Amino acid sequence: MTLAPDADTVRLSLDEARSLARRVLSAAGLSPAHVDAVAETMVAGERDGCASHGLYRLLVAADSIAKGVVSVDAAPALDEPAPALVRVDGGGGFAQLAFERGRPLLVEKARRFGIAALALNNVVHFAALWPEVETLARDGLVALAFTPSHAWVAPEGGTKPVFGTNPIAFGWPRPGPHPFVFDFATSATARGEIELRRRAGEPVPADWGASTTVAEDVLAGAMRTFGGHKGSALAAMVELLAGPLIGDLTSQESLDADAGRKGSPLGGELILALDPAGFLGAAAGQHLQRAEALFEAIQAQGARLPSERRYAARAVSEREGVAIPAALHRDILKLLERKD
Ligand code: NDP
Ligand code: PYC
């Protein structure tokens with residue numbers, strides 16, 4: 001660990017970041033299998049320059065554990081409701097271990113049937129979704145993931161929160177080192193981004209909430225969807241797909257279940273996986289190559305692909321480690337002071 005010259009940031013190697021995350025999560029009471037899965041996700045977020053879902057989430061996870069929102073030693077239970085469907089009941093634990101347990105069978109079924117779905121039920125969600133679609137795309141599959149959160153976001157034309165920040169993630173396999181991946185909230189921004197602005201005492205754009213640039217006020221009021229009625233409809237789709245369709249909570253129901261504790265959202269996640277060979281057989285490679293022309297047409301005009309910034313950040317972090325705000329580092333260490 002080194003202090004940057006201005007001492008406003010602390011630099012950690014990825015191993016140091018991982019070790020810090022594991023110590024904090026263990027001290028918070030999380031069982032070893034959950035510690036491994038959750039720490040990897042947080043380190044991946046920080047490594048890829050996604051600070052809203054990086055080491056900051058240690059504070060969020062520890063808080064949810066302390067408030068009794070999370071089952072710290074839940075053993076995910078897997079079943080197969082239909083030939084191409086996998087369900088993992090996370091038992092109230094964090095979603096990462098449930099995904100790890102369901103992923104091999106999802107991949108196997110997608111390869112066997114051409115398409116398969118994994119429902120994670122009864123999980124606590126604090127994380128970004130791209131790690132999940134990226135790993136499936138690295139397995140050669142096209143992947144989509146959706147999860148609701150807490151009702152923080154008003155529908156277009158309304159004023160009262162109904163939707164969660166409801167991310168949609170997509171992964172597409174490519175030749176070469178990295179798949180094509182995007183992952184964003186259907187709200188104007190992730191709530192975590194507003195929380196980071198609040199911590200830093202910075203204003204937020206006026207269109208993230210109801211015409212205010214004060215982060216606290218946006219957090220206390222209603223966030224807005226991105227893209228007006230289009231984001232609003234997509235947010236509704238996420239509620240339906242990863243809520244009622246898989247027998248799990250909507251964002252409003254998650255907030256009700258939270259009962260004022262202000263913990264991380266509880267509910268479900270839906271992950272779809274499609275094998276290009278399912279439609280295309282031996283011609284899959286040839287058609288995936290045609291997709292490359294699309295990516296080239298985007299990049300040839302100077303536009304960037306979603307995930308380009310992420311992979312560039314990853315390469316830098318692997319060489320140089322990550323720099324986090326010193327205030328965040330202090331707050332993370334405080335979690336250990338109480339337990340070590
Ligand atoms: P952003 O609005 O920053 O959008 C992120 C996505 O858009 C990334 O795929 C990013 O690629 C891509 N992107 C950004 N700018 C450009 C550009 N100029 N050209 C092309 N692509 C671009 O993210 P959000 O604030 O909406 O969400 C951040 C994270 O929060 C997500 O990972 C999401 O999963 C997570 N989240 C989780 C929730 C949960 O309930 N679990 C709820 C809400 C959000 P790149 O990475 O390369 O920059
Ligand atoms: O940043 O909106 C968010 C979020 C909700 C749950 C996890 N992250």
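Bear in mind that the values here come from a model prediction, so they are computed numbers and not experimental data. (Residues numbered from 1 in each chain as written. Chains lettered and ligands numbered in written order. Predicted model: local features only at pLDDT ≥ 70, side-chain atom pairs only at ≥ 80, totals over all residues. Heavy atoms only, no water.)

Enquirer: What's the story with the confidence of the model for the protein chain in this structure? I'm lost.
Expert: Atom-level detail of predicted coordinates should not be read off regions where pLDDT is low. Averaged over every residue, the pLDDT of the protein chain is 96; the share at 70 or more is 97%. Looking at the elements of the protein chain, mean pLDDT is at its lowest for strand β1 (residues 2-3), recorded as 62, and at its highest for strand β6 (residues 142-146), recorded as 99. (pLDDT = per-residue confidence, 0-100. Helix = DSSP H or I, 4+ residues; strand = E, 2+ residues; numbered from the N terminus.)

Enquirer: Even after reading the chapter, I still don't get the sheet that holds strand β8 (residues 180-184), so can you show me in this structure?
Expert: Within a sheet, adjacent strands bond to each other through the backbone by hydrogen bonds, running parallel or antiparallel. Strand order in the open sheet formed by seven strands is β3-β4-β5-β9-β6-β7-β8, with mixed pairing between adjacent strands. Looking at strand neighbours, the two that pair on one side only are β3 (77-82) and β8, the edges of this open sheet. With strand direction ignored, the average angle separating the axes of adjacent strands in the sheet is 15 degrees. Pairing geometry for β3 and strand β4 (residues 85-89), over four bridges, is antiparallel. Opposite Asp79, over in β4, you have Arg87 as the bridge partner. The strands touched by helix α4 (residues 95-113) within the sheet are β3, β4, β5 (115-124) and β9 (266-274), with β5 carrying the most contacts at an inclination of about 170 degrees. (Pairing = 2+ DSSP bridges. Axes fitted to C-alpha atoms, helices over the stretch in contact; angles between N-to-C directions. Contact = heavy atoms within 4.5 Å.)

Enquirer: Would you take a moment to explain the domain arrangement of the protein chain for this structure?
Expert: A common way to report how large an interface is uses the accessible area buried once the components associate. Assigned domains within the protein chain: domain 1 (1-66 + 307-340), domain 2 (76-187 + 229-303) and domain 3 (188-224). In this structure, domain 1 and domain 3 have C-alpha centres spaced 23 Å apart. Between domain 1 and domain 3, the residue contacts involve nine residues of the former and six residues of the latter. Ranking the residues of domain 1 by area buried against domain 3 places Ser52, Tyr56 and Arg57 at the top, with a combined share of 66%. At the boundary of domain 1 and domain 3, one finds one salt bridge. With a closest N to O distance of 2.8 Å, Asp331 and Arg199 form a salt bridge. (Domains from an automatic or database assignment. Buried area = accessible area lost by both parts, 1.4 Å probe. Salt bridge = Lys/Arg side-chain N within 4 Å of Asp/Glu carboxyl O.)

Enquirer: Help me understand the pairing of β4, please; the structure alone is not making it clear to me.
Expert: In regular strands, side chains alternate between the two faces of the sheet. Burial of β4 is one-sided: the residues Val86 and Val88 facing one way are buried, the residues Leu85, Arg87 and Asp89 facing the other way are not. Turn length for the β3-β4 hairpin, with the two strands adjacent in sequence and antiparallel, is two residues. Note: β4 against β5, five bridges, orientation parallel. The residue bridging Asp89 from the neighbouring strand is Asn121, located in β5. You can see the chain leave β4, run along α4 and come back into β5, and the turn it takes is right-handed. (Buried < 20%, exposed > 50% of the residue type's maximum accessible area, 1.4 Å probe, protein only. Right-handed = clockwise from strand over helix to strand, strands pointing away.)

Enquirer: Whenever I open this one, the pattern of salt bridges confuses me. Can you help?
Expert: When the charged atoms of two side chains with opposite charge come close together, those side chains can pair. Applying the stated criterion to the full structure yields 17 salt bridges. The closest approach of N and O atoms between Arg47 and Asp48, which form a salt bridge, is 2.7 Å. Here Asp48 falls in the buried class, since its relative accessible area comes to 0%. When the shortest N-O distance is used, the salt bridge between Lys334 and Asp331 registers 3.2 Å. Taken together, the residues Lys334 and Asp331, both in helix α13 (residues 326-337) and three residues apart, mark about one turn of the helix. Lys334 sits in the partly exposed class, given a relative accessible area of 43%. Taken together, the shared-partner salt bridges in this structure form one network comprising Arg47, Asp48, Glu134, Arg138 and Arg314.

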